[in-house]
Amino acid sequence: MTLSKEKIARMPQFDLLRIVAILIIFNYHFCIDMGLDMGENPSIFCSYKNGGWGSVGTCIFFILSGYMIHMTSKNIAVGKYLKKRFLSIYPPLWICFFIAYAIYGAIRNDYFWAGHPARIILSLMGIDTYVMFYGIPTYALVGEWFTGMIIFLYIAYLLLRVLMKKALVITTIIIAVLYFAEAMIGIQPVFAPDASVFTGLALFWLGMLFQENKSWLDFGIIKTIMAVIAAVLVLFVPLPYIGNVLPWKNLLGIALFYLLINMFSLITYGDTSRKVLKYFSGISFIIYLIHHFIIFRVTDADIVFTTPIMVTYIIALSTTIVSAVIIDRIWSGIKSIKNNNKKASGG
């Protein structure tokens, strides 16, 4: 079955891909915090010949976000779209932040370590890490730069969906020029190229293009061979670049996006597996928000010096998943109370 023919049959593949992407990012941050990227032979879980795995995971996330948002929101009313996106980001972000803030403040015995408490507003807005690129101290604890990027892309989508219909070619050219300008000369010099809005915009737009042209993701011998060759070259051969290696890292992410989505389409999904994948895909944003905070706490503990790396990894991953489940239930409970109150009041 091709990806363009059956919407329902495709969804578990995309849920699984989202889970794989968050695991890639989790693995990368765990390796970095454990120092496995150091020395002459850094761990393959940290890096490959042309970059680090974290960029690959975020690349897949942005492409997937562009695809899914465009699939579900191309014709939705602006108010309804903004409300849905707001509720998908901010309540989980706020719950995660205040829990992390309470824990970290207790550890430091100081709840105002970053200066004026008004800076907490930056964290509640989801832009604290971006502000840090300008050297301003913040209370950044969860979500990192990805949160600010996804907020920007969700807002920009309201314009992008119009441009997709009215000015597809010129918009694609402009976005491509901005992307390669960022990679080659760094038009946002205070940001890492991976965290540039032009990088996120290009990958998100690519996801939208995939959704508009679903057959691009359908299996093809030539496409598969090209994707495999691209992935192998980027993984194992140091490639030349101008300015920054970003395009090669993103090429690997795009190649893996295509290969994995076709590989996952070969799996037969039962009702139970669909529900499990949907649930864990649904909490993937919460996992992203909290995973690095938890990794920091685990790798900073004294136990890390006497515990095998794999055991430490399992502790960090399981703690992250359990915490994400708890936070998801807290948010679900709040929504349930709100809905019950609304029904009771006849609203």
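You'll find the structure just up there.
Worth saying up front: this structure is predicted, and the values here are computed from it rather than measured. (Residues numbered from 1 in each chain as written. Predicted model: local features only at pLDDT ≥ 70, side-chain atom pairs only at ≥ 80, totals over all residues. Heavy atoms only, no water.)

### What to know about the overall build of the protein chain
To keep it simple, the criterion reads: The way it works is that DSSP assigns letters per residue, a run of H or I at least four long becomes a helix, a run of E at least two long becomes a strand, and they are numbered from the N terminus. Radius of gyration here is computed from C-alpha atoms only, and the compact-globule reference equals 2.2 Å multiplied by the residue count raised to the power 0.38. In this scheme, a residue with accessible area under 20% of its type's maximum is buried, one over 50% is exposed, and one in between is partly exposed, where area comes from a 1.4 Å probe on protein chains only.
Broken down by element type, the protein chain carries 13 helices and two strands. Here the C-alpha atoms of the protein chain give a radius of gyration of 21 Å, agreeing with the 20 Å that 2.2 N^0.38 yields for 347 residues. Each principal axis of the C-alpha distribution contributes one length, and for the protein chain these read about 65 × 60 × 45 Å. Within the protein chain, the proportion of its 347 residues that are buried is 49%.

### Brief notes about a nonpolar patch on the surface
For clarity, the threshold we go by: Here the term patch refers to residues with relative accessible area over 30% and no salt bridge, with like charges joined within 9 Å and nonpolar side chains (Val, Leu, Ile, Met, Phe, Trp, Tyr) within 5 Å. Residue-level accessible areas treat just the shown protein chains as cover; the underlying method is Shrake-Rupley with a 1.4 Å probe. Here, a salt bridge means any side-chain nitrogen of Lys or Arg that lies within 4 Å of a carboxyl oxygen of Asp or Glu.
Together, Phe219, Ile221, Ile222, Ile225, Met226, Val228, Ile229, Val232, Leu233, Phe236 and Val237 make up an exposed nonpolar region whose accessible area comes to about 1100 Å². By the secondary structure assignment, isoleucine 222 is in helix H9 (residues 221-236). Isoleucine 222 gets classed as exposed once you look at its relative accessible area, which sits at 62%.

### Digging into H9
The condition is simple: In this analysis, the expected span of each helix is defined as 1.5 Å times one less than the number of residues it contains. Read the arc as the range of directions from the helix axis to the C-beta atoms.
When the terminal C-alpha atoms of H9 are compared, their 22 Å separation across 16 residues agrees well with the 22 Å that a helix rising 1.5 Å per residue should span. Listing the buried residues of H9 in full gives Thr224, Ala227, Ala230, Ala231, Val234 and Leu235. Down the axis of H9, the buried side of the element spans an arc of 130°, and every buried residue falls inside it. Of the exposed residues in H9, those oriented more than 90 degrees away from the buried face are Ile221, Ile222, Met226 and Phe236.

### Observations regarding the nonpolar core
Put simply, the rule is: Put simply, buried Ala, Val, Leu, Ile, Met, Phe, Trp, Tyr and Cys residues joined by side-chain atoms within 4.5 Å make one nonpolar core. The contact criterion used is simple: two residues touch if any of their non-hydrogen atoms lie within 4.5 Å.
Core analysis: the largest hydrophobic core is formed by 105 residues, its most contacted members being Leu141, Leu252 and Phe257. In this structure leucine 252 touches Tyr48, Trp53, Val56, Ala231, Val234 and Leu235, once residues within four positions along its chain are discounted.

### What to know about the pattern of salt bridges
Applying the stated criterion to the full structure yields three salt bridges. The residue lysine 74 makes a salt bridge to glutamate 212 at a minimum N-O spacing of 3.2 Å. Here lysine 74, found in the loop between helix H2 (53-73) and helix H3 (78-108), pairs with glutamate 212, found in helix H8 (residues 197-212); they are 138 residues apart in sequence, far enough to count as distant. With a relative accessible area of 23%, lysine 74 lands in the partly exposed category. Of the charged contacts, one joins aspartate 194 and lysine 249 as a salt bridge, the two residues approaching to 3.0 Å between their closest N and O atoms. With aspartate 194 in the loop between helix H7 (168-185) and H8 and lysine 249 in helix H10 (residues 246-264), the pair connects residues that are 55 residues apart, well separated along the chain. For the pair formed by aspartate 194 and lysine 249, the shared burial category is buried.

### Details of the packing of aromatic side chains
To be explicit about the condition: In this scheme Phe, Tyr and Trp rings, the latter by its six-membered ring, pair at centre separations within 6.5 Å, and the angle between planes marks the pair as stacked below 30 degrees, edge-to-face above 60, and tilted otherwise. Whether a charge lies above a ring is judged from NZ of Lys or CZ of Arg, which has to be within 6 Å of the ring centre and within 35 degrees of the ring normal.
Counted under the stated rule, the structure contains 30 aromatic pairs. Here tyrosine 90 and tryptophan 94 contribute two aromatic rings whose centre-to-centre distance is 5.6 Å and whose plane-to-plane angle is 40°, an arrangement assigned as tilted. With tyrosine 90 and tryptophan 94 both in helix H3 and four residues apart, this pair spans about one turn of that helix. Measuring from ring centre to ring centre gives 5.7 Å for phenylalanine 97 and tyrosine 101, while their planes differ by 25°; the resulting arrangement is stacked. Taken together, the residues span about one helical turn, with phenylalanine 97 and tyrosine 101 both in helix H3 at a distance of four residues. Of the two residues examined, phenylalanine 97 and tyrosine 101, each falls in the buried class. Feature note: the residues Phe97, Phe98, Tyr101, Tyr104, Tyr111, Trp113 and Tyr139 constitute an aromatic cluster, connected by ring pairs. Here the basic side chain of arginine 85 rests over the ring of tyrosine 154, its NZ or CZ set 5.0 Å away from the ring centre. Over the ring of phenylalanine 293 we find arginine 297, and its NZ or CZ is 4.6 Å from the ring centre.

### Focus: the packing of H7 against H8
The condition is simple: Where helices are involved, their axes are fitted lines through C-alpha atoms of the stretch in contact, as for all axes, and angles between N-to-C directions lie from 0 to 180°. The crossing is said to be left-handed when, going from far helix to near helix, the turn is anticlockwise and less than a right angle, and right-handed when the turn is clockwise. Classes in brief: Ala, Val, Leu, Ile, Met, Phe, Trp, Tyr, Cys and Pro nonpolar; Asp, Glu, Lys and Arg charged; the others, Gly included, polar.
The interhelical angle for the contact between H7 and H8, taken along N-to-C directions, is 145°, at an axis separation of 8 Å. Helix-helix and strand crossings are classified by hand; for H7 and H8 the assignment is left-handed. Across the interface between the two elements, Leu168, Thr171, Thr172, Ile175, Leu178, Tyr179 and Glu182 from H7 touch Phe198, Thr199, Leu201, Ala202, Trp205 and Leu209 from H8. For the contact of H7 with H8, the class distribution of residues is nine nonpolar, three polar and one charged.

### Side note on the environment of valine 197
For valine 197, the position within the fold is in helix H8. In the structure, valine 197 is positioned 163 residues away from methionine 34 in sequence and 29 Å away in space, judged by C-alpha atoms. Once residues lying within four places of it in the same chain are set aside, the contact partners of valine 197 are Met149, Phe152 and Gln188.

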